[in-house]
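One-letter residues, chain by chain:
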Amino acid sequence: MRALRTLEDHKILVKVEKVTLNPTDWKHAFLISGAGNTLGCDFFGTVVQVRDPVEGVEVGDKVGGFVHGGKYEDRGSFAEYLVTDARLVYKVDPGFLEEGGEDSGHEAASFGVGGFTSVQALYHRLGLRLPSDLESLRTPPPLSENSPTLLVWSGSTSVGQFAIQLARLSGHRVITTSNPRNHDYLTSLGAHECFDYRDESVPETISSKYPNLDKALDCISEKGTQSLCVRSLGKGISKGQVIVLLKPEKEAIQLGQPQIEIVHILAYTALGRPFSYGRSAYYDQERVDKDSQDMMEWCRGDQGHFYRLIKSGLVKGNRIKLMSGGLEAIQEGLVYIRDGKVSAEKLGYTISS
């Protein structure tokens, strides 16, 4: 048994059992992270120590979440143990783990970066709302001619898969882009219509077919996709928003002026710790406090939305490609992602059982 630590207020110690990999992990590993910092964001594991009583979380609970891997020595998930905020983990119901089999722990971990980012984009920036009857809901609400539309560019990404399900649950007609081989899968998640992102005419096709489309989430946010999203918004709108996950591109900003706003988000701001980003950006305590308070509504062990959505099956985790070798093999997985070999799935590693 690992020796207990001296924990700060609201913190817990988690024994890491499963992790899933994200693009941010390879970028931190090869481009960003300093020596001695622990990599890894998504995790699933068992609570082994709590600092103080927190409603919804106790020792022995199976929980998932995400941490700012690559930034600190003690926060990354590619480790046997990690420290995190008890108010920013979601409990995973034992029934889900029993029914899901070998993939279930990894699937629970996959809600980390992808789930938090999609929630921040849709609910904390674009203003979507969950149904008021979420507790009793068993299927997404029916759509009508007046249902609002949302574009998810690159729906087969981790963020995209969660965004499709959550937006559909919130009463939106979701259109998305991806490789055609993933269209059937994205339709099964709730996408109303899928387009081939390789077709250069797709932005104009979407804009013409959905003239009132005024919201988009760009799950790639580089190499021109931001401008593609701007071009895809409806021809009849007076104002619109495109949420991007990387630094806003000058071309997209200029293309969208004056009616389309490019909004940059970083799910790290939901973790409640000030941090620097890039060469000049700094997210101070006031900013991260607001975002973390918003995200706590989704977490807090078994008190938040993630717990209910996972337990009910209304939102499914990402598809998992199980990888062998544990911690020692994760480096190979990071190279695998960097080289663009992952599509519509996440790599999952077992750290302990």
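Residues numbered from 1 in each chain as written. Predicted model: local features only at pLDDT ≥ 70, side-chain atom pairs only at ≥ 80, totals over all residues. Heavy atoms only, no water.

## Focus on the overall build of the protein
Check the secondary structure of the protein and you find 12 helices and 15 strands. In terms of overall dimensions, the protein is globule-like: its C-alpha atoms have a radius of gyration of 20 Å, near the 20 Å expected for 353 residues. When its C-alpha atoms are laid out on the principal axes, the protein stretches across 60 × 45 × 40 Å. Taken across its 353 residues, the protein has 58% of its residues classed as buried. If you take every contact in the protein between residues at least 6 apart in sequence, the share linking residues at least 24 apart comes to 70%. Of the roughly 15,800 Å² that the protein leaves accessible, carbon and sulfur atoms contribute 47%. With 40 positive and 45 negative side-chain charges, the protein shows a spacing of 3 Å between the two charge centroids. (Helix = DSSP H or I, 4+ residues; strand = E, 2+ residues; numbered from the N terminus. Rg over C-alpha atoms; globule rule 2.2 N^0.38 Å. Buried < 20%, exposed > 50% of the residue type's maximum accessible area, 1.4 Å probe, protein only. Contact = heavy atoms within 4.5 Å. Areas by Shrake-Rupley, 256 points an atom, 1.4 Å probe, with all protein chains shown as cover. Lys, Arg positive; Asp, Glu negative; His and termini not counted. Charge placed at Lys NZ, Arg CZ, Asp CG, Glu CD.)

## What about the pattern of salt bridges?
By the definition in use, this model includes 15 salt bridges. The partner of Lys-62 in a salt bridge is Glu-17, and the shortest N-O contact between them spans 2.8 Å. Highlighted residues: Lys-62 in strand 3 (residues 62–66) and Glu-17 in strand 1 (residues 11–20), separated in sequence by 45 residues. Of the charged contacts, one joins Asp-85 and Arg-87 as a salt bridge, the two residues approaching to 2.8 Å between their closest N and O atoms. With respect to class, Asp-85 is no different from Arg-87; both count as buried. Salt bridges sharing common partners tie together Arg-125, Arg-287 and Asp-291. (Salt bridge = Lys/Arg side-chain N within 4 Å of Asp/Glu carboxyl O.)

## Remarks on the packing of helix 4 (residues 113–125) against helix 5 (residues 158–169)
The N-to-C vectors of helix 4 and helix 5 enclose an angle of 50°; their axes lie 8 Å apart at closest approach. Classified by the interaxial angle, the pair formed by helix 4 and helix 5 is oblique. Helix 5 is crossed by helix 4, and the crossing has right-handed handedness. Contacts between helix 4 and helix 5 involve Gly-114, Gly-115, Thr-117, Ser-118, Val-119, Leu-122 and Tyr-123 from the former and Ser-158, Val-159, Phe-162, Ala-163, Leu-166 and Ala-167 from the latter. The class makeup of the residues in the contact of helix 4 with helix 5 is eight nonpolar, five polar and no charged. (Axes fitted to C-alpha atoms, helices over the stretch in contact; angles between N-to-C directions. Parallel < 35°, antiparallel > 145°, perpendicular 65-115°, else oblique. Left-handed = near helix turned anticlockwise from the far one by under 90°. Nonpolar A, V, L, I, M, F, W, Y, C, P; charged D, E, K, R; others polar.)

## A look at the packing of aromatic side chains
For the structure shown, the criterion picks out 12 aromatic pairs. Each ring, one from Phe-66 and one from Tyr-268, has its centre 6.0 Å from the other, and the planes form 45°; the classification is tilted. You can see Phe-66 sitting in strand 3 and its partner Tyr-268 sitting in the loop between strand 11 (260–264) and strand 12 (275–277), a full 202 residues away along the chain. A relative accessible area of 9% places Tyr-268 in the buried class. A ring pair is formed by Tyr-123 and Trp-298, whose centres lie 5.0 Å apart and whose planes are at 45°; its orientation type is tilted. (Phe/Tyr/Trp six-rings, centres within 6.5 Å; stacked < 30°, edge-to-face > 60°.)

## So, helix 8 (residues 225–232)
Of all eight residues making up helix 8, six are buried, and the element is well covered by its neighbours. Regarding helix 8, the residues found buried are Thr-225, Gln-226, Ser-227, Cys-229, Val-230 and Ser-232. On its buried face, helix 8 sits against strand 6 (149–153), helix 7 (202–209), strand 9 (215–218), strand 10 (240–244), helix 9 (250–256) and strand 11.

## Some thoughts on the packing of helix 7 against helix 8
Axis separation between helix 7 and helix 8 bottoms out at 7 Å; the angle between their running directions is 30°. On the basis of their axis angle, the class for helix 7 and helix 8 is roughly parallel. Between helix 7 and helix 8, the residues in contact are Pro-203, Glu-204, Ile-206 and Ser-207 and Leu-228, Arg-231 and Ser-232, respectively. Its residues placed into classes, the contact of helix 7 with helix 8 shows three nonpolar, two polar and two charged.

## A short note on a nonpolar patch on the surface
A surface patch of nonpolar side chains, about 310 Å² in accessible area, is lined by Phe-30, Leu-31 and Ile-32. As for its position among the elements, Ile-32 is in helix 1 (residues 23–32). (Patch = residues over 30% accessible without salt bridge, like charges linked within 9 Å, V, L, I, M, F, W, Y side chains within 5 Å.)

## With respect to the side chain of Gln-161
In this fold, Gln-161 is placed in helix 5. Those residues in contact with Gln-161, other than ones at most four positions away along the chain, are Gly-155, Ser-156, Tyr-185, Leu-186, Leu-189, Asn-318, Arg-319, Ala-344 and Glu-345.

## Points about the nonpolar core
Counting 60 residues, the largest nonpolar core has Leu-122, Leu-217 and Trp-298 as its most contacted members. Among all residues touching Leu-122, those that are not within four sequence positions of it are Gly-127, Leu-128, Leu-150, Ala-163, Leu-166, Ala-167 and Leu-217. Listed in part, the 24 residues of the second largest apolar core include Leu-39, Phe-43, Val-57 and Val-63. (Core = buried A, V, L, I, M, F, W, Y, C linked by side-chain atoms within 4.5 Å.)

## Some points on the sheet that holds strand 11
Strand order in the open sheet made by the six strands is 8-7-6-9-10-11, with parallel pairing throughout. Either end of the sheet is taken by a strand with one partner, and the two such strands are strand 8 (193–196) and strand 11. If you compare each strand with its neighbour and ignore which way they point, the axes differ by 20° on average. Both strand 7 (residues 173–178) and strand 8 contribute to a ladder of four bridges, which runs parallel. From the neighbouring strand, Ile-175 faces strand 8, where its bridge partner is Glu-193. Here helix 4 sits on the sheet in contact with strand 6, strand 9, strand 10 and strand 11, set at roughly 155° to strand 10. Of the strands in this sheet, strand 6, strand 7 and strand 8 touch helix 7, which is tilted by about 155° from strand 8. (Pairing = 2+ DSSP bridges.)

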